[in-house]
Amino acid sequence: MTLAEILASVFPEGHSVAVEDGLVGGEGPFRGGRLAVIGIDGDTALGVDGACRLSRHVLDVVRRGGGTPILVVIDSDSQRMSRRDELLGLNEYLAHLAKTLLLADAQGHPTVGLIYGHSAAGAFIATALATRVLVGLPGANPSVMDLPSVARVTKLPLDRLEAMAKDTPVFAPGLDNMVRTGAVQAVLDPNRPLAEQIASVIDAMPAEDVRDRAGRERGGRPVAEEIAAQVVRDAALG
């Protein structure tokens, strides 16, 4: 689905959501109240300026109060790979954006991520993965790090990583792998009104982060429980 189709399905009565320079912001009527929308469209890279603008949108919602839910729609490139952004401290700006979403959630604003296109690396972590619940649409292609980049970092051959990715979803890209690891809670049905599905996601929103548990149950994090237990043992030993 395109962003226009998504917004039409979420807001059949119309909305004020606009896209400028690939950044999404606005709101529309939702269940007798309002639903705020922020995000990235058109496979746009997220840089310092974009992170600031999205953060401002989130903080404006928090200042208004009222528990307005926030939908974070994502079709992005990774973080912007420019000298200017890196020198300005892009990692801190991305962290700030993620923290505004965590603040909104803590202040009673349900945050739902919706990945409908591509997203990767810092842009994916600071937006979609910073929401309380992340859902996807068929055709989405998220990744924390694409396999060619993993190959450069680990010095492992790309063909070996591609073979490993078939059986190890915890680092493999793609929507199906993100579902198996618990990062994506569910894949929505584009043939049904998205307003109803988003409402159901908000109604069923867990009181705490359950992605690790979901990943274990779906077989995407086979050693997560063992690692967690080891961390607890190490902490107990000082």
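Notes on the structure follow. Everything numeric here is computed off the predicted structure, so don't read it as measured data. (Residues numbered from 1 in each chain as written. Predicted model: local features only at pLDDT ≥ 70, side-chain atom pairs only at ≥ 80, totals over all residues. Heavy atoms only, no water.)

**Section: a nonpolar patch on the surface**
On the surface, Ile125, Val144, Met145 and Val153 cluster together into a nonpolar patch covering about 340 Å² of accessible area. Position of Val144 relative to the elements: it lies in the loop between strand E8 (141-143) and helix H6 (147-154). Val144 gets classed as partly exposed once you look at its relative accessible area, which sits at 42%. (Patch = residues over 30% accessible without salt bridge, like charges linked within 9 Å, V, L, I, M, F, W, Y side chains within 5 Å. Areas by Shrake-Rupley, 256 points an atom, 1.4 Å probe, with all protein chains shown as cover. Salt bridge = Lys/Arg side-chain N within 4 Å of Asp/Glu carboxyl O. Helix = DSSP H or I, 4+ residues; strand = E, 2+ residues; numbered from the N terminus. Buried < 20%, exposed > 50% of the residue type's maximum accessible area, 1.4 Å probe, protein only.)

**Details of helix H4 (residues 90-106)**
Residues separated by three or four positions in an α-helix point in the same direction, a consequence of the helix having 3.6 residues per turn. Given a rise of 1.5 Å per residue, 17 residues ought to cover 24 Å, and the 24 Å separating the end C-alpha atoms of H4 matches this to within 8%. Those residues of H4 not exposed but buried are Leu90, Leu94, Leu97, Ala98, Thr100, Leu101, Ala104 and Asp105. Along the axis of H4, the buried residues cluster in a sector spanning 145°; they form a single face. Facing away from the buried side of H4, by more than 90 degrees, are the exposed residues Asn91, Glu92, Lys99, Leu102 and Ala106. Immediately beyond the C-terminal end of H4, within one or two residues, lies Gly108, with a positive phi of roughly 95°. (Expected span 1.5 Å × (residues − 1). Arc of directions from axis to C-beta.)

**Considering the environment of Asp159**
Counting through the fold element by element, Asp159 comes out in helix H7 (residues 158-165). Residue Asp159 is classed as exposed on the basis of its relative accessible area of 55%. Expressed as a C-alpha distance, the spacing of Asp159 and Arg221, which sit 62 residues apart in the sequence, is 22 Å.

**Side note on the sheet that holds strand E9 (residues 186-187)**
Hydrogen bonds along the backbone pair up the strands of a sheet, which may run parallel or antiparallel. One open sheet holds the seven strands; their spatial order is E1-E2-E3-E4-E5-E7-E9, and the pairing between them is mixed. Each end of this open sheet is capped by a strand with a single partner; those strands are strand E1 (18-20) and E9. Examined bridge by bridge, strand E3 (residues 33-46) and strand E4 (residues 70-79) share seven bridges and lie parallel to one another. In the sheet register, Ile40 faces E4, and the bridge partner there is Ile74. Packed on one face of the sheet, helix H2 (residues 48-64) meets E1, strand E2 (23-30), E3 and E4 and runs near 175° to E3. (Pairing = 2+ DSSP bridges. Contact = heavy atoms within 4.5 Å. Axes fitted to C-alpha atoms, helices over the stretch in contact; angles between N-to-C directions.)

**So, the pattern of salt bridges**
Inspection of every chain in the model, using the stated rule, returns 10 salt bridges. Asp60 is the partner of Arg63 in a salt bridge, and the nearest nitrogen-oxygen pair spans 3.1 Å. Pair noted here: Arg63 and Asp60 are both in helix H2, with a separation of three residues, about one helical turn. For Asp60, a relative accessible area of 29% puts it in the partly exposed group. Note that Asp105 is salt-bridged to Arg132, the shortest N-O span being 2.7 Å. Of this pair, Asp105 sits in helix H4 while Arg132 sits in the loop between helix H5 (121-126) and strand E7 (133-136), and the two are 27 residues apart along the sequence. Residue classification places Arg132 among the partly exposed residues on the basis of a relative accessible area of 21%. Via salt bridges that share partners, Glu20, Asp21 and Arg53 belong to a single interconnected network.

**Examining the pairing of E2**
Bridge count for E1 against E2 is three bridges, and the pairing is antiparallel. Bridging across to E2, Val19 finds its partner in Val24. As defined by bridge partners, E2 adjoins E3 across eight bridges and the pair is classed as antiparallel. Its bridge partner lying in E3, Pro29 is registered against Arg34. The hairpin turn running from E2 into E3, its antiparallel successor, is two residues long, and Arg31 in that turn takes a positive phi close to 55°.

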